[in-house]
Structures are given as C-alpha cells and as structure tokens.
Amino acid sequence: MRKANDKSLKEAIEQMLNVYKIKKRFEETGIVAHWPELVGKSVANRTKELFIHDKRLYLRIESSVIKNELMLMRNQIIDKINDKAKEVLVEEIIFL
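As the structure is a prediction and not an experimental result, all values here were calculated from the model.

**Student:** In this structure, what is going on with a nonpolar patch on the surface? I would like to understand it.
**Tutor:** There is a patch of nonpolar side chains on the surface, built from L9, I13, M16, V19, Y20 and I22 and spanning about 620 Å² of accessible area. Here V19 lies in helix α1 (residues 9–19). V19 sits in the exposed class, given a relative accessible area of 53%.

And the structure:
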C-alpha cells in the first residue's frame, strides 16, 4: 500500500539531481558515456578528448579524415545527442 508521500526510485533520483543542481552535468556525462553508441566504435576509438561545456561539445579527433566527416555531419550528431538526452544539451560542436 502506497502512502501519499511515497515516490518511485526514479522520481526520488530526479528530485535529488534537481535539488543539488547536478541534473545537467549528469545528462552531459551520460552523453560522453554513450559516445560510441552515438557515432560508432571506429569514430569513438579515434576520439581523444570529449566534453560538454555551455551547450558546446568539444572534440579532439586524431584522424583528419574522420574529423572532416564529423564536420559535415555536425547537425545530425547534435540531433542524435539531443534526442538521446530528451533535451537540448548541445547546440554547437567545436573541434580542437
């Protein structure tokens, strides 16, 4: 029997993330963790640096060919990331 103030574990975790103001950082870390799933293992293996700051995704790619391909696919990658996060986490990709 549920009481009036009972919450599911998901609701409790979301509330905790909001109270401590770390929900956005948690979502960003999830995107970094799912990078191979989003772009494929071959691209992920050549990604040397990856982080999100101020709605910008910063990437350091070791292969100039792959870097060029990713530059052409910027909008598709941004859409995939935002779809995965179910919110706008990335608005721009910057290659280092």
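**Student:** Looking at this model, I keep getting lost on the packing of aromatic side chains. Mind explaining?
**Tutor:** Inspection of the entire model under this criterion finds one aromatic pair. For the ring pair F51 and Y58, a centre distance of 4.9 Å and an interplane angle of 15° mean the geometry is stacked. Residue classification places Y58 among the buried residues on the basis of a relative accessible area of 16%.

**Student:** What is the right way to look at the environment of S8 in this model?
**Tutor:** Topologically, S8 is positioned in the segment before α1. For the pair S8 and N18, spaced 10 residues apart in the sequence, the C-alpha separation amounts to 15 Å.

Basis of the calculations
- Residues numbered from 1 in each chain as written.
- Predicted model: local features only at pLDDT ≥ 70, side-chain atom pairs only at ≥ 80, totals over all residues.
- Heavy atoms only, no water.
- Patch = residues over 30% accessible without salt bridge, like charges linked within 9 Å, V, L, I, M, F, W, Y side chains within 5 Å.
- Areas by Shrake-Rupley, 256 points an atom, 1.4 Å probe, with all protein chains shown as cover.
- Salt bridge = Lys/Arg side-chain N within 4 Å of Asp/Glu carboxyl O.
- Helix = DSSP H or I, 4+ residues; strand = E, 2+ residues; numbered from the N terminus.
- Buried < 20%, exposed > 50% of the residue type's maximum accessible area, 1.4 Å probe, protein only.
- Phe/Tyr/Trp six-rings, centres within 6.5 Å; stacked < 30°, edge-to-face > 60°.

The values reported here are purely geometric and, on their own, carry no functional implication.
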